[in-house]
Amino acid sequence: MKKIDFLTAGQSEDAAMHFACQLVGKLYLKSIKDNDSRTINFRCADANQAHIIDDLLWKIPKSLFIPHRLVNDKKNKECKVEISYPGIKSDKKYDSLVNLNPQLPSNYLDFQETYQIVIKDNSNLQETARMSFKKCLKDGIKPTYICLLYTSPSPRDVEESRM
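J.: So, the overall build of the chain: which residues are in play, and what are the values?
T.: When helices and strands are counted, the chain shows four helices and seven strands. Taking 2.2 N^0.38 as the reference for a compact globule, 163 residues should give roughly 15 Å; the C-alpha atoms of the chain span a radius of gyration of 15 Å, in line with that estimate. Over its C-alpha atoms, taken along the principal directions, the chain stretches across nearly 40 × 35 × 30 Å. Sequence separation of 24 or more characterises 67% of the internal contacts of the chain that already satisfy a separation of 6 or more. When the accessible surface of the chain is split by element, carbon and sulfur atoms take 50% of a total near 8900 Å².

J.: Describe the layout of surface pockets, with residues and values.
T.: Within this model, the largest pocket holds a volume of roughly 440 Å³. As for the largest pocket, its lining consists of 18 residues, of which Ile88, Lys89, Ser90, Pro105 and Asn107 are closest to the centre. Here the lining of the largest pocket is composed, by residue class, of seven nonpolar, six polar and five charged.

J.: I'd love a proper account of the packing of helix H1 (residues 13-33) against helix H2 (residues 47-56), names of residues and values included.
T.: Running from amino to carboxyl end, H1 crosses H2 at an angle of 50 degrees, the nearest separation of the two axes being 10 Å. Between H1 and H2, the interaxial angle falls into the category oblique. Handedness of the H1/H2 crossing: right-handed. Together, Glu13, Met17, His18 and Cys21 of H1 and Gln49, Ile52, Ile53 and Leu56 of H2 make up the contact between the two elements. Of the residues contributing to the contact of H1 with H2, the split by class is five nonpolar, two polar and one charged.

J.: Tell me about the pattern of salt bridges, and name the residues and values.
T.: Applying the stated criterion to the full structure yields nine salt bridges. In this structure, Asp36 engages Arg38 in a salt bridge whose closest nitrogen and oxygen atoms are separated by 3.1 Å. A salt bridge links Lys135 to Asp139; the shortest N-O distance between them is 3.1 Å. One network of salt bridges, in which partners are shared, links Arg69, Glu78, Glu82 and Lys92.

J.: Residue-level account of H1, with values.
T.: For H1, with 21 residues, the first-to-last C-alpha span of 30 Å sits near the 30 Å given by 1.5 Å per residue. Within H1 the residues assigned to the buried category are Ala16, Met17, Phe19, Ala20, Cys21, Leu23, Val24, Gly25, Leu27, Tyr28 and Ser31. Where H1 terminates, the next one or two residues include Asn35, which has phi positive at roughly 55 degrees.

J.: Outline the pairing of strand E1 (residues 3-8), listing residues and values.
T.: Of all the six residues making up E1, six are buried; the element is thus mostly covered by neighbouring parts of the structure. Side chains Lys3, Asp5 and Leu7 of E1 all project onto a buried face; the interleaved residues Ile4, Phe6 and Thr8 project onto the opposite face, where all are buried too. Bridging between E1 and strand E7 (residues 144-146) involves three bridges; their strand directions are parallel. Looking across to E7, one finds that Leu7 is bridged to Ile146.

J.: So what about the sheet that holds strand E2 (residues 40-43)? Which residues, and what values?
T.: With parallel pairing, seven strands are arranged side by side in an open sheet as E3-E4-E2-E5-E6-E1-E7. Two strands lie at the open edges of the sheet, namely strand E3 (68-70) and E7, each paired on one side alone. In this sheet, neighbouring strand axes are inclined to one another by 20 degrees on average, regardless of whether the strands run parallel or antiparallel. Pairing between E2 and strand E5 (residues 96-99): four bridges, direction parallel. Counterpart to Phe42 in the pairing with E5 is Val98. Strands E2, E3 and strand E4 (81-84) of the sheet are contacted by H2, whose axis makes an angle of about 160 degrees with E3. Strands in contact with helix H3 (residues 124-138) are E1, strand E6 (113-118) and E7; relative to E1, the strand with the most contacts, it is inclined by about 160 degrees.

Scoring rules and cut-offs
Residues numbered from 1 in each chain as written. Predicted model: local features only at pLDDT ≥ 70, side-chain atom pairs only at ≥ 80, totals over all residues. Heavy atoms only, no water. Helix = DSSP H or I, 4+ residues; strand = E, 2+ residues; numbered from the N terminus. Rg over C-alpha atoms; globule rule 2.2 N^0.38 Å. Contact = heavy atoms within 4.5 Å. Areas by Shrake-Rupley, 256 points an atom, 1.4 Å probe, with all protein chains shown as cover. 1 Å grid on protein atoms, 1.4 Å probe; cavity = no way out; pocket = protein on both sides within 12 Å on 5 of 7 lines; lining within 4 Å. Points joined across faces, edges and corners; volume = space filled by probe spheres on them. Nonpolar A, V, L, I, M, F, W, Y, C, P; charged D, E, K, R; others polar. Axes fitted to C-alpha atoms, helices over the stretch in contact; angles between N-to-C directions. Parallel < 35°, antiparallel > 145°, perpendicular 65-115°, else oblique. Left-handed = near helix turned anticlockwise from the far one by under 90°. Salt bridge = Lys/Arg side-chain N within 4 Å of Asp/Glu carboxyl O. Expected span 1.5 Å × (residues − 1). Buried < 20%, exposed > 50% of the residue type's maximum accessible area, 1.4 Å probe, protein only. Pairing = 2+ DSSP bridges.

In structure tokens form, the structure reads like this:
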């Protein structure tokens, strides 16, 4: 069963990027603690946002070093966390998707778990995320919508909110 969570992440792109970096940090730390080989695709809206995320992941979360790279960066070897955006092709199979792009990628069902970041801007980004939610339903997937009131969810917190 595919797990897809739609997570609110503030009202601006900046807040959402910080939130998503915290979430990736929690997922990465969980994979280290569980000693598993889980890989994370951190998907951005475009190349500019991907470069901003690349820089932010060196700083956020403050207490954790997350080895990462842009998917098309051939100079660095593969990492557990790889940053992509529409137009970049990768043959690598990832376990988790953290999607900052309000539109789900066409291959979203290939991931074991998807975290769709929702920016509550009461405009275009929120409406596009709403359409992505409807697409999941149309595809036979029942996504979970989680309105988080804090900025650094852990996977455990997300799981507890489902109960």
